[in-house]
Every structure is written in C-alpha cells, then in structure tokens.
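Residue-level structure breakdown
The lines below spell out each chain.
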Amino acid sequence: MSPDDVLVTSPLFFVQPSRGGVVAVDAWHGQRFRALAPEVLDLANVFLQPLRIGDAVDAGHEPVAIAAALEAGLLVPADDEALAGARAWEDHRWSRAAYLLLSQQNLDYTEPTDRRHPHGELVELRRDTIRGYMSEQPYPPLRLVETNAIIELPPPLPAPARPGFDLDALFRRRSVRRYANTPLPLATFATVLHAATRNVRIANESKRGGDLFYLLNSFYSWLRVYVVAQGVDGVERGVYQYDPEAHQLRMVVTGTTDAEILRCIQHQNWIGGGGFTTFFVVQWNRYQWLYRHSRAYVNLLIQLGEIGQELLQQAATHGLGTWPTPAIHESNAAALLHLDAAGEDAMYFVKVGPRVPRS
C-alpha cells in the first residue's frame, strides 16, 4: 500500500439496517459483516470520490484503518477495471436499486421448500418470523404529514351501475397528452383516490386484530400518496398528502406551479390543464422491514405498477384521461413534496385530468 495509491469506496459495499445481526455487505466478494469499527466505516465517506492514501493520512486517518477497509472490500483501487461494470450503479444514479437488490442477495430462505409441511405449520412459521422481526425492531409507522390544514373529502360516489363498465373503460383507455382546463369536480376527485386505494384499507383492516401474521397482508405497506391539485373544485392549488384511511388531504404547500412539476418528470410537457398529478412515494423503512430477500426491489417495482394501474382504471371509469411515467427526478420531487430525502422517494407519477372535448 503506497501513499500514491488512489482508492475509492466500493460501489458494491452496502451498509444496511441490521438484518439478522448483519450490518454491512460486500456484494463483490459475498461477505457479510456483523460489526464495523467506526474509523473503518468513516472511510466510506472519505473515499466517496477517488483519493490518494497519502492525502487521507495527512487528513488524520490511520494507515492501519485504511488497510483494514481495503482488506474488507470497503475500499478498492480506483483504477480496478474489474469493478467498472459495478460502478454503473453510481454513474447512472441507480444506487438505490443496487442497494435494495445487491445488499440482500443470498439471504437464507426462511421457509422449507420440500412441500412436506402442512399449511398450518407454514402459517405458524411465518407468524414466528414476524415475531422475530418485531423483537429486533418495531414495525415502523406510516408517516403522515404534520399539518393543521386538513381537508375532509366528500364520501365517494356510488360505483357505476352498468355491468362491465370498468373493464370496458379500461380497454378504451389511451395515454392523454392534452387536458381541458375545466376543473375536476371534488366528488369525482375524491372518488378516484378512494377507489384506487381500496386495497390499502383492506390490508390495514386485517391487521387491527393484533395478529402479527397479518402484517404479511402487505398491500402497499410502503405507500404514501401525494397529489398536486392543478384544477380541482374546492381545493387550493398545491401539494397534499392523501390519507386513504381517513379519506383526507393533508396540506403540504400551496401555489405549486406546473413548472415545478415539470422539473420532477424530466420536463415532459403534457401535464397542464385541470385535474391533478399523483406521486406514489415509497417509505423505505416500512418496505425494508417486511421484505428481506433478493427480489425485494423487483417486487417493489411490480407493486408500483399495480397501484398505478389501480389509479388508471378508476380514472378511466369516470371518463378521465391519464398519463403515467416512472421517469422521476428524485431530488426535485423530494423538494417539491417536502420529503425526507434520506428515508423516502417518489418513484411513480400519474397525471389525471379531464379530456379535451372532441371537436
């Protein structure tokens, strides 16, 4: 190890909340760590950008700690071509995907796979597994925006009486890139949001009995719904969190402009007009508490598609136009929605609004 050697934090070294006593993973070498010395962990921040060992030592970092971090895989030579592909996670801002996917690889499967165990035994095993999770750390509560400005939404409208209407409307649905300036009726707005989040309420109701097994009834356990009212009768233009349980809007900030929204979706300029835009936000600690396997991130993407589809179908049922995109600029969206950038991210966007009448 020479003072002129240049090191960088490994793109495949992940520190994580303790899972089974494991606090960090080196996905490059397949190692797990149950403890890390503070001075070694501190080097992960120091070497986020390539740095000479001599410069790090001059700044007060011990050579023995640097050597230990290098041996553990936390630090790697900056010119190591073997890790060039792995650096694509950071170069393309995919670090979140890498964290959830690679930091949870090779976890032991908690259930037997030989199919010789009766259903009741598997249920009890799952219940015991959740008890174990709870003994390590309580299930994180869903975060609600703290505000004194709460809007009670009207009861949802009755479901359409015409059989098959929902499915027919869905088949006729097309992405819309131009919306009428007509304000959306408040009752329609409230009904679409309420109907699209039905499974959230079903899952939460099943958990109220106190049986920890039902925490596995996990419809969108991570979900926080934010809307930007652009043209809704009785709702001031601005950002709100929608509470599916209380059927309320919790005001975040008012006066939000379309230009601010566009900065969150790569300036895709067809979200004007009346109606509202929706940001589906992931609360990471709730998701990670429950999903502890190598397909966790893939499952999350599937669930984002599912809640997006719920909203699209309900909007189509009421004759509204929609346009979805996952192309969200996370930092800009976090600023717009006033999110905690360290613990939550907006990951899916849907515009809902009145169609422009055909001439």
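In case you missed it, the structure is sitting above this.
Below is a short write-up of the structure. From a predicted model like this one, the values you see are computed outputs, not experimental measurements. (Residues numbered from 1 in each chain as written. Predicted model: local features only at pLDDT ≥ 70, side-chain atom pairs only at ≥ 80, totals over all residues. Heavy atoms only, no water.)

1. Quick notes on the packing of aromatic side chains
Heads up, the rule is: For this analysis, a ring pair means two rings from Phe, Tyr or Trp (six-membered ring only for Trp) whose centres lie within 6.5 Å, classed as stacked if their planes differ by under 30 degrees, edge-to-face if by over 60, and tilted for the remaining angles. A helix here means a DSSP run of H or I that spans at least four residues, while a strand means a run of E at least two residues long, and both kinds are numbered starting from the N terminus. Using a 1.4 Å probe on the protein chains alone, a residue whose accessible area is under 20% of its type maximum counts as buried, one over 50% counts as exposed, and one in between counts as partly exposed. In this analysis the charged atom, NZ for Lys or CZ for Arg, is taken to sit over a ring once it is within 6 Å of the ring centre and within 35 degrees of the ring normal.
Following the criterion strictly, the structure yields eleven aromatic pairs and no others. Seen from their ring centres, Trp270 and Trp323 are 5.6 Å apart, and the 90 degrees between their planes marks the pair as edge-to-face. Of the two residues, Trp270 sits in the loop between helix H10 (258-262) and strand S11 (275-283) while Trp323 sits in strand S12 (residues 321-325), which places them 53 residues apart along the sequence. Its relative accessible area of 25% is what places Trp270 among the partly exposed residues. The class for Trp323 is buried, based on a relative accessible area of 4%. Both rings, one in Phe279 and one in Phe349, keep their centres 5.1 Å apart while their planes meet at 75 degrees; by these two values the pair is edge-to-face. Here the residue Phe279 occupies a position in strand S11, and Phe349 occupies one in strand S13 (residues 344-353), the gap between them amounting to 70 residues. Accessibility expressed as a relative area gives 0% for Phe349, which makes it buried. Taken together, the aromatic side chains of Trp270, Phe279, Trp323 and Phe349 make up a single cluster linked through ring pairs. Sitting above the plane of the Trp270 ring, Arg177 keeps its charged end 4.2 Å from the centroid. Cation over ring: Lys351 sits above Tyr179, and NZ or CZ is 4.9 Å from the ring centre.

2. Quick notes on the pairing of strand S1 (residues 6-9)
Here is the rule: Only strands joined by at least two bridges in the DSSP assignment are considered to pair.
Looking at chain direction, S1 and strand S5 (residues 51-52) are connected through two bridges and run antiparallel. Paired with Val6 across the bridge in S5 is Arg52. Examined bridge by bridge, S1 and strand S6 (residues 75-77) share three bridges and lie antiparallel to one another. Paired with Val8 across the bridge in S6 is Val76.

Take it as geometry only, folks, not as evidence of what the structure does.
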